[in-house]
Amino acid sequence: MRVTSAEFIKSASDSSGYPEEGLPEAAFAGRSNVGKSSLINKLVSRKKLAKTSSTPGHTRLVNFFRVNDKVVLADLPGYGYAKASIKERERWKRMVEEYLVNRRELKAVVIIVDIRRAPGQEEKDLVAFLTGEGITPVLVATKADKLGKTRRLKPLREISEASGVPLSAIVTFSARTGEGRDELWARLRNILDF
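Analysis parameters
Residues numbered from 1 in each chain as written. Predicted model: local features only at pLDDT ≥ 70, side-chain atom pairs only at ≥ 80, totals over all residues. Heavy atoms only, no water. Buried < 20%, exposed > 50% of the residue type's maximum accessible area, 1.4 Å probe, protein only. Helix = DSSP H or I, 4+ residues; strand = E, 2+ residues; numbered from the N terminus. Pairing = 2+ DSSP bridges. Salt bridge = Lys/Arg side-chain N within 4 Å of Asp/Glu carboxyl O. Contact = heavy atoms within 4.5 Å. Axes fitted to C-alpha atoms, helices over the stretch in contact; angles between N-to-C directions. Parallel < 35°, antiparallel > 145°, perpendicular 65-115°, else oblique. Nonpolar A, V, L, I, M, F, W, Y, C, P; charged D, E, K, R; others polar.

Trainee: Explain the pairing of strand S4 (residues 71-75) here, please?
Mentor: The side chains of a regular strand alternate, residue by residue, between the two faces of the sheet. When you tally the buried positions in S4, you get five out of five residues, the bulk of the element. Where burial is concerned, the two faces of S4 agree: the one with Val-71, Leu-73 and Asp-75 and the one with Val-72 and Ala-74 are both buried. In terms of strand pairing, strand S2 (residues 25-30) meets S4 through four bridges, oriented parallel. The residue bridging Ala-27 from the neighbouring strand is Ala-74, located in S4. One ladder, built from five bridges, connects strand S3 (residues 62-67) with S4; its direction is antiparallel. The residue bridging Phe-65 from the neighbouring strand is Leu-73, located in S4. Once S3 ends, the chain turns through three residues before running back antiparallel as S4, passing Asn-68 with a positive phi of about 55 degrees.

Trainee: Mind showing me how you'd approach the pattern of salt bridges here?
Mentor: Note on pairing: side chains with opposite charge can pair once their charged atoms come close. The full count for this structure, using the stated rule, is 16 salt bridges. Between Arg-152 and Glu-179 there is a salt bridge whose closest N-O contact spans 2.6 Å. Of this pair, Arg-152 sits in the loop between strand S6 (136-142) and helix H4 (153-163) while Glu-179 sits in the loop between strand S7 (171-172) and helix H5 (181-192), placing them 27 residues apart in sequence. What makes Arg-152 buried here is its relative accessible area of 8%.

Trainee: Looking at this structure, how should I read the sheet that holds S2?
Mentor: Two pairing modes exist for strands in a sheet, parallel and antiparallel, and in both the strands are linked by backbone hydrogen bonds. The strand order across the open sheet built from seven strands is S1-S3-S4-S2-S5-S6-S7, with neighbouring strands paired in mixed fashion. In the strand order of this sheet, the two ends are held by strand S1 (6-12) and S7, each with one partner. Together, S2, S4, strand S5 (106-114) and S6 form the strand contacts of helix H1 (residues 36-43), whose direction differs from that of S2 by roughly 145 degrees. Running over the sheet, H4 touches S5, S6 and S7 and is turned about 150 degrees from S6.

Trainee: Please explain the packing of H1 against H5 as it appears in this structure.
Mentor: Packed helices, taken two at a time, are described by their axes: the angle between them and the distance between them. Taken N-terminus to C-terminus, the directions of H1 and H5 make an angle of 85 degrees; their axes are 10 Å apart at the nearest point. Classified by the angle between their axes, H1 and H5 sit roughly perpendicular to one another. Residues Leu-39, Lys-42 and Leu-43 of H1 form the contact with H5, whose own contacting residues are Arg-181, Leu-184, Trp-185 and Leu-188. In terms of residue class, the contact of H1 with H5 is made up of five nonpolar, no polar and two charged.

This is how it looks when you write it as structure tokens:
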């Protein structure tokens, strides 16, 4: 997809602050160090739309971005960040759950996993939760450039088995090279119907 406009709308901690764009929405979820912001930036062909940081846990609110005036992307706080307090992690969890359950514009959630690491319980729970809520999960194995193409099949099979998502439905992605960008847009356009 050709991105002609991509802009930050706002950040919010609860439904009272969510933007009212009236556009279909896709959220991006994953561990704190999995590269959600880098993936969003590559997806929209912008270097600094979503803020990236070398420190895990940088995203602490739900950040909303409008793309081509047709779709909204939401960057969710990462999970699994050990240096945040238990109280802070619980607050993030409640914030994300409220968003996932109550956001009527939400049509898809992109679950990002590192291709070199099998999904943990958080990812499994998230896939099950979304399926139960009628929200389509899109599984993306990122950092694909870290493995040669011949070394990817085994970890992709492990990701498929651990998550319950068919191997053919997993998008292989690299924020460095752009691999998987067009495929991910095609999946999102199909689900969000824009």
